[in-house]
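These are the residues of each chain, in order.
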Amino acid sequence: MKHAGKHTLDIRPVETKHRFEMIMEAYDALDPGETLDLTVDHEPACMYYTLEAVHGTEAFRFEYLEKGPEVWRVEVTRR
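For clarity, every value in this text was computed on a predicted model and none was experimentally measured.

### What to know about the overall build of the protein
Move 1: Per the secondary structure count, the protein includes 2 helices and 4 strands.
Move 2: Shown N-terminal to C-terminal, the secondary structure of the protein runs as helices and strands in the order β-α-β-α-β-β.
Move 3: In terms of overall dimensions, the protein is globule-like: its C-alpha atoms have a radius of gyration of 12 Å, near the 12 Å expected for 79 residues.
Move 4: In terms of principal-axis extent, the alpha carbons of the protein reach across some 35 × 25 × 20 Å.
Move 5: Across the 79 residues that make up the protein, the buried fraction comes to 34%.
Move 6: Intrachain contacts of the protein at a sequence separation of at least 6 include 56% that bridge at least 24 residues.
Move 7: Carbon together with sulfur atoms contributes 52% to the accessible area of the protein, which is approximately 5,100 Å² in total.

### Brief notes about the packing of aromatic side chains
Move 1: Summed over all chains, the structure comprises 4 aromatic pairs.
Move 2: Relative to F60, the ring of Y48 lies with its centre 5.5 Å away and its plane at 75°, an arrangement referred to as edge-to-face. Residue Y48 is found in helix α2 (residues 45-55), and its partner F60 is found in strand β3 (residues 60-67); the two are separated by 12 residues along the sequence.
Move 3: On the basis of relative accessibility, which here comes to 3%, the residue F60 falls in the buried class.
Move 4: Judged by centre distance (5.6 Å) and plane angle (75°), the rings of F62 and Y64 are edge-to-face.
Move 5: Overall, F62 belongs to the buried group, its relative accessible area being 16%.
Move 6: Pairwise contacts between aromatic rings join Y48, Y49, F60, F62 and Y64 into one cluster.
Move 7: Above the face of the Y64 ring, K67 is positioned so that its terminal group lies 4.7 Å from the ring centre.

### Points about helix α1 (residues 16-28)
Move 1: Here α1 has its buried residues at R19, I23, M24 and Y27. All buried residues of α1 lie within an arc of 110° about the axis, which places them on one face of the element. In α1, the exposed positions that point more than 90 degrees away from the buried face belong to K17 and E21.
Move 2: Residues of α1 that are buried sit in contact with β1 (6-10), β2 (35-40), α2, β3 and β4 (72-78).

### Side note on the nonpolar core
Move 1: Counting residues in each nonpolar core, the largest one holds 18 residues, and the members touching the most others are I23, Y27, L38, M47 and V76.
Move 2: Those elements that place two or more of their residues in this core are α1, β2, α2, β3 and β4.

### Considering unusual backbone geometry
Move 1: At the junction of G68 and P69, the peptide bond is cis and its omega measures out at 15° in the coordinates.
Move 2: Within the fold, P69 resides in the loop between β3 and β4.

### Quick word on the environment of F20
Move 1: You can see F20 is positioned in helix α1.
Move 2: Spatially, the C-alpha atoms of F20 and C46 are 9.1 Å apart, while their sequence positions differ by 26 residues.

Thresholds applied
Counting from 1, residues in each chain are numbered in the order their sequence is written. Local features are withheld for residues below a pLDDT of 70 in this predicted model, meaning they are given only at 70 or higher, and side-chain atom pairs are given and counted only at 80 or more; totals for whole chains, interfaces and linings count all residues. Side-chain numbers come from the whole structure's heavy atoms, not from hydrogens or water. Only DSSP runs of H or I covering at least 4 residues are called helices, and only runs of E covering at least 2 are called strands; the numbering of each starts at the N terminus. Radius of gyration here uses only the C-alpha atoms, and the compact-globule reference equals 2.2 Å multiplied by the residue count raised to the power 0.38. The buried label applies to any residue whose accessible area, calculated with a 1.4 Å probe on protein chains only, is under 20% of its type's maximum; exposed applies above 50%, and partly exposed to all values in between. Contacts were defined at the residue level, with two residues in contact if any of their heavy atoms lie within 4.5 Å. Here the Shrake-Rupley method, with its probe set to 1.4 Å, supplies the accessible areas, and only the displayed protein chains count as covering residues. Side-chain rings of Phe, Tyr and Trp (the six-membered ring for Trp) are treated as a pair once their centres are within 6.5 Å; stacked means planes under 30 degrees apart, edge-to-face means over 60, and tilted covers the remaining angles. Whether a charge sits over a ring comes down to the Lys NZ or Arg CZ being within 6 Å of the ring centre and within 35 degrees of the ring normal. The directions from the helix axis to the C-beta atoms form the arc being described. Only buried residues count toward a nonpolar core. Its members are Ala, Val, Leu, Ile, Met, Phe, Trp, Tyr and Cys residues joined through side-chain atoms within 4.5 Å.

Written out as structure tokens, the structure reads:
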């Protein structure tokens, strides 16, 4: 049985103008069943809404692991 991979991305040290593209590229690189553990310094709702608009809610699972105020962590699994 193949176990899903887990990828970690801490976007906090990345310059703001490059963050969104880097996050979306990391998600797009996931195979179905793989998970992205994302750490950011702001509410990541924009990622959720972008994924929802582009892929639909059935394409991913989005779960908060930590909710600020300085650090947010989410686990995004590609279905």
